[in-house]
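# Observations on the three-dimensional arrangement
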Amino acid sequence: MTREKEETTIETSSPTTSLERLNIVSMNIAGCIPSHEAPSHWNQTTVTIAMRNEVLRTQPDILALQECPGGVDWATDVFDGYGY
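Every chain is numbered independently, its residues counted from 1 as its sequence is written. Only residues with pLDDT of at least 70 are given local features in this predicted model, and only at 80 or more are side-chain atom pairs given and counted; all residues enter the totals for whole chains, interfaces and linings. Note that the side-chain values use all heavy atoms of the structure and ignore hydrogens as well as water.

### A look at the pattern of salt bridges
This is how it is decided: Salt bridge, as used here: a side-chain nitrogen of Lys or Arg that lies within 4 Å of a carboxyl oxygen of Asp or Glu. Helix and strand labels come from DSSP, where a helix needs a run of H or I of at least four residues and a strand needs a run of E of at least two; each type is numbered from the N terminus. A 1.4 Å probe rolled over the protein chains alone gives each residue an accessible area, and that area as a share of the maximum for its type sets the label: buried under 20%, exposed over 50%, partly exposed in between.
For the structure shown, the criterion picks out one salt bridge. In this structure, E54 engages R57 in a salt bridge whose closest nitrogen and oxygen atoms are separated by 2.5 Å. Highlighted residues: E54 and R57, both in helix α1 (residues 44-58), separated by three residues, approximately one helical turn. The class of R57 is exposed, set by a relative accessible area of 57%.

Set out below in structure tokens:
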């Protein structure tokens, strides 16, 4: 008696597009407190806006911020509507 070999086919899917590059931005924003080198009229708000503009200019795939002045809630508010 011969036994037939049973084949099992497993279908897998692969992405239709490949990732050519991954842009990661990591910043220690030091509470968005202006440095001593910053213009004298800068405050936490102007630093926050400048930081956000720079991050958006780079269009990172992954964004990691350290020392946010209000933690995750602050970062969520600052980047609300931008996909981060």
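Back to the text.
### Let's talk about the packing of aromatic side chains
Rules: Ring pairs shown here join Phe, Tyr and Trp side chains whose ring centres sit within 6.5 Å, with only the six-membered ring taken for Trp; geometry is labelled stacked below 30 degrees between planes, edge-to-face above 60, and tilted in between.
Using the criterion set out here, one finds one aromatic pair in the structure. Their ring planes at 75 degrees and their centres at 6.1 Å tell us that F79 and Y84 sit as a pair that is edge-to-face. Looking at F79, the relative accessible area reads 2%, which means it is buried.

### Concerning the nonpolar core
As a rule of thumb, soluble globular proteins bury nonpolar side chains together. Condition: By nonpolar core is meant a set of buried Ala, Val, Leu, Ile, Met, Phe, Trp, Tyr and Cys residues that side-chain atoms within 4.5 Å join together. Should any heavy atoms of two residues lie within 4.5 Å, those residues are considered in contact.
Grouped together as the largest cluster of nonpolar side chains are eleven residues: V25, I29, C32, V47, M51, V55, C68, W74, A75, V78 and F79. Where this core is concerned, the elements lending two or more residues are α1 and α2 (71-78). Beyond its immediate sequence surroundings of up to four residues, F79 is in contact with M51, R52, V55, L56, L63, L65 and Y84.

### Considerations on unusual backbone geometry
The backbone phi angle of A30 is positive, close to 50 degrees, even though this residue is not glycine. For A30, the position within the fold is in the loop between β1 (24-28) and α1. Overall, A30 belongs to the partly exposed group, its relative accessible area being 38%. At E67, a residue that is not glycine, the phi angle is positive and equals roughly 60 degrees.

### Comments concerning α1
What sets the pattern is the α-helix's 3.6 residues per turn: residues three or four places apart point alike. Put simply, the rule is: A helix is expected to reach a length of 1.5 Å times the quantity of its residues less one. Summarising the geometry, the arc corresponds to the directions from the helix axis toward the C-beta atoms.
Between its terminal C-alpha atoms α1 stretches 21 Å, which fits the 21 Å expected from 15 residues at 1.5 Å a residue. Every buried residue belonging to α1 is among V47, T48, M51 and V55, and all of these are buried. Projection of α1 onto a plane perpendicular to its axis shows the buried side chains occupying an angular sector of 100 degrees, all on one side. Exposed and facing more than 90 degrees away from the buried side of α1 are T45 and R57. In this structure, the buried residues of α1 make contact with β1, β2 (62-66) and α2.

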